[in-house]
Amino acid sequence: MYNAPEVVSLTRDVVATLIPAGTKVELPVGAEASITQALGGSYTVQVQGHLFRIEGKDADALGRTPDEKPVLAADASEEEVEQAVRARLKTCYDPEIPINIVDLGLIYTCALEPLDSGWRARIAMTLTAPGCGMGEVLVADVRTKALEVPTVREADVELVFDPPWTRDMMSEEAQLQAGFI
């Protein structure tokens, strides 16, 4: 069943990212925005024929409440922290594809290194297309999501293109959702 995008009026000025260019643009209070995707705490909206990504921290501009941050015990094991980081990365979405970046196969590695107090997450990721203007936005989103996990104090995110991404890297569920199988 098709669900029409929800149309809202922006409740305040908000900085959004033009898709796919990655350029920051200020959208004015009162602008009519059609929410086309609301996944992982960020929003893809259409305003005057253009697509924009609005960060979850600015959900109030759309009349929404930001997502809750993850909770983890202070004495969580390395395995528990790594699972929490991977789960948080599953809340990162390409703004044009309604599939999380983990299931898209964009996360190549996710490992933890101990720090004096907490962990450093080291993440290697790629993009579906090397020239994607949203690359820096997705890298920043991955870094932010990793740092939202309690006890993760640093997050190093490396954007790599070797090996090149192919749709074979997608999970079976993602391929099914995209209509590839």
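Residues numbered from 1 in each chain as written. Predicted model: local features only at pLDDT ≥ 70, side-chain atom pairs only at ≥ 80, totals over all residues. Heavy atoms only, no water.

A. The arrangement of the sheet that holds strand β7 (residues 107–115) in detail. Pairing in this open sheet of three strands is mixed, and the strands run β7-β8-β9 from one edge to the other. The sheet terminates laterally at β7 and β9 (152–159), the two strands that pair on one side only. Strand-to-strand twist across the sheet, computed as the mean angle between neighbouring axes with direction ignored, equals 15°. In the sheet, strand β8 (residues 118–125) pairs with β9 via seven bridges, with the strands oriented parallel. Pairing of M125 across the sheet is with L159, part of β9. Strands in contact with helix α1 (residues 78–89) are β7, β8 and β9; relative to β7, the strand with the most contacts, it is inclined by about 140°. Contacting β7, β8 and β9, helix α2 (residues 135–147) runs over the sheet at an angle of about 155° to β9. (Pairing = 2+ DSSP bridges. Helix = DSSP H or I, 4+ residues; strand = E, 2+ residues; numbered from the N terminus. Axes fitted to C-alpha atoms, helices over the stretch in contact; angles between N-to-C directions. Contact = heavy atoms within 4.5 Å.)

B. Representation of the nonpolar core in the model. Counting 29 residues, the largest nonpolar core has V81, V85, L89, I107, I123, M125 and V142 as the members making the most contacts within it. Counting only elements with at least two residues in this core, the list comes to α1, β7, β8, α2 and β9. Counting 16 residues, the second-largest nonpolar core is a separate cluster that includes V8, L10, A31 and I35. (Core = buried A, V, L, I, M, F, W, Y, C linked by side-chain atoms within 4.5 Å. Buried < 20%, exposed > 50% of the residue type's maximum accessible area, 1.4 Å probe, protein only.)

C. Seen up close, a negative patch on the surface. Taken together, D75, E78, E79 and E80 make up a surface patch of like negative charges. Locating E78 in the fold gives a position in helix α1. Among the residues examined, E78 registers a relative accessible area of 39% and is labelled partly exposed. (Patch = residues over 30% accessible without salt bridge, like charges linked within 9 Å, V, L, I, M, F, W, Y side chains within 5 Å. Areas by Shrake-Rupley, 256 points an atom, 1.4 Å probe, with all protein chains shown as cover. Salt bridge = Lys/Arg side-chain N within 4 Å of Asp/Glu carboxyl O. Lys, Arg positive; Asp, Glu negative; His and termini not counted. Charge placed at Lys NZ, Arg CZ, Asp CG, Glu CD.)

D. Broad picture of a nonpolar patch on the surface. Taken together, L176, F180 and I181 make up a surface patch of nonpolar side chains, about 310 Å² in accessible area. Here I181 falls in the exposed class, since its relative accessible area comes to 55%.

E. Region of the structure containing the pattern of salt bridges. Evaluated as defined, the whole model comprises 14 salt bridges. The salt bridge involving D60 is made with R12; its shortest N-O contact spans 2.8 Å. A residue pair is termed long-range when its members are at least 10 positions apart, and D60 in the loop between β6 (50–54) and α1 and R12 in the loop between β1 (6–9) and β2 (14–18) qualify at 48 residues. Owing to a relative accessible area of 28%, R12 belongs among the partly exposed residues under this scheme. Where K57 meets D58, a salt bridge forms, and the shortest distance between an N and an O atom there is 3.2 Å. If you follow the salt bridges from partner to partner, you end up with E113, R120, R122, E154 and D156 in one network.

F. View of unusual backbone geometry. That bond from I19 to P20 is cis: its omega, 0°, falls within 30 degrees of zero. As for its position among the elements, P20 is in the loop between β2 and β3 (24–27). Omega for the peptide link from D162 to P163 comes to 5°, which places this bond in the cis form. Residue placement: P163 occurs in the loop between β9 and α3 (172–178). Unlike most non-glycine residues, Q48 shows phi in positive territory, near 50°. Assignment of secondary structure puts Q48 in the loop between β5 (42–47) and β6. With a phi angle near 80°, T151 is a residue other than glycine that sits in the positive phi range. Along the chain, T151 turns up in the loop between α2 and β9. T151 sits in the buried class, given a relative accessible area of 12%.

Treat this as a map of the structure, not an account of what it does.
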